[in-house]
Structures are given as C-alpha cells and as structure tokens.
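Observations on the model geometry
Okay, here's what each chain looks like letter by letter:
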Amino acid sequence: MSLAEILERFKLEEEDVITIENLNPDELKGVEIKLGTNVILQMKGRKRIIDLGLLSIIFNKCDGVNFVKDFLNLNYSLDDIHRRYRVYTELEYFSLNCPPIVVDPDLAEVATKLKAFILSREKS
C-alpha cells in the first residue's frame, strides 16, 4: 500500500488509528504529514503504533532516514531500536535529535522534557 493510499484511507475511515501491513519509508521523502496521523504497522505477529507526521519530520528535517527505515522494519524489535539509537519511539528520537525544530509549541515543550528524561534514563 502506498503512502498516498494510506493517507486517503486514514481520511475516509475517520478513525484515530488504522492498521496497515507495510510502508515504504522512501515515500516519506519531501512529504509533510499532519501530526497525529497514527497507524498500526502489523507484520509477522509484531505490531508498532506509528505517528506518520512525526516520522515525516524525522525523515525530512532531522537527518533521521536510517532511524525511520529501521523503525518501520518490524524485523527489528524495540530493543534492537533502543540498542542502536538509544530510544524506543519516534517521539523519543525526535526529542533527542530534532530540536530546536519548532513544529508545534506543545510538541517542542514535550520534546524538551522528554529529552531530559531520556538522558537521565540512559545514564542510569
């Protein structure tokens, strides 16, 4: 399923979250997606909830192409993602690697606080 089809399905179904089976990360290049566009990526018995808006920011503005590709690859567990990037979620990655990008004032505030928490967690 293409990114355009996923976004159209998200609009048509008017649900908070839709379930998809795959997404080609390269389709995020140059695409701006509204924050809160949540999908559940499900493959081989593993599920991961993903904010496509946040991933598009990470992919396009934070030099996070490799993170996005790994995060969308469900062959990698969240522990694998953590070992490689020191984060478990796209929000954590954004918090550590993307500021001072201000996409939304509330998101910037959350990112600042989350960054402090992550750094203290990793020192422990």
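Residues numbered from 1 in each chain as written. Predicted model: local features only at pLDDT ≥ 70, side-chain atom pairs only at ≥ 80, totals over all residues. Heavy atoms only, no water.

1. Examining the state of the cysteines
Each disulfide consists of a covalent bond between the sulfur atoms of two cysteine residues. Tallied over the entire structure, the rule returns one disulfide. Covalent S-S linkage joins C62 and C98, the inter-sulfur distance amounting to 2.0 Å. Its torsion about the S-S bond being 135°, the disulfide of C62 and C98 is classed as right-handed. With C62 in the loop between α2 (52-61) and α3 (65-72) and C98 in the loop between α5 (90-97) and α6 (105-123), this residue pair connects regions lying 36 residues apart in the sequence. Here the two residues C62 and C98 agree in accessibility, since each one is buried. (Disulfide = S-S within 2.5 Å. Helix = DSSP H or I, 4+ residues; strand = E, 2+ residues; numbered from the N terminus. Buried < 20%, exposed > 50% of the residue type's maximum accessible area, 1.4 Å probe, protein only.)

2. Details of the confidence of the model for the chain
Of all residues in the chain, 96% have pLDDT values of 70 or greater, and the mean over the chain is 89. When pLDDT is averaged over each helix and strand of the chain, the minimum, 82, is found for helix α1 (residues 3-13) and the maximum, 97, for α3. (pLDDT = per-residue confidence, 0-100.)

3. So, the sheet that holds strand β1 (residues 17-20)
Spatially, three strands are ordered β1-β2-β3 in an open sheet, and the strand pairing comes out mixed. Every interior strand has two partners, whereas the edge strands, β1 and β3 (46-51), have only one. Recorded for the sheet is a direction-independent mean angle of 25° between the axes of neighbouring strands. Sheet contacts for α3: β2 (38-43) and β3; angle to β3, the most-contacted strand, approximately 140°. (Pairing = 2+ DSSP bridges. Axes fitted to C-alpha atoms, helices over the stretch in contact; angles between N-to-C directions. Contact = heavy atoms within 4.5 Å.)

4. Overview of the pairing of β2
Direction of pairing for β1 relative to β2: parallel, over a ladder of four bridges. When the bridges of β2 are listed, V17 appears paired with N38. Relative to β3, β2 runs antiparallel, the two sharing six bridges. Residue pairing for β3: N38 is matched across the bridge by D51. With antiparallel pairing between neighbouring strands as the criterion, β2 and β3 make up a hairpin whose turn holds two residues, including K44 at a positive phi of roughly 50°.

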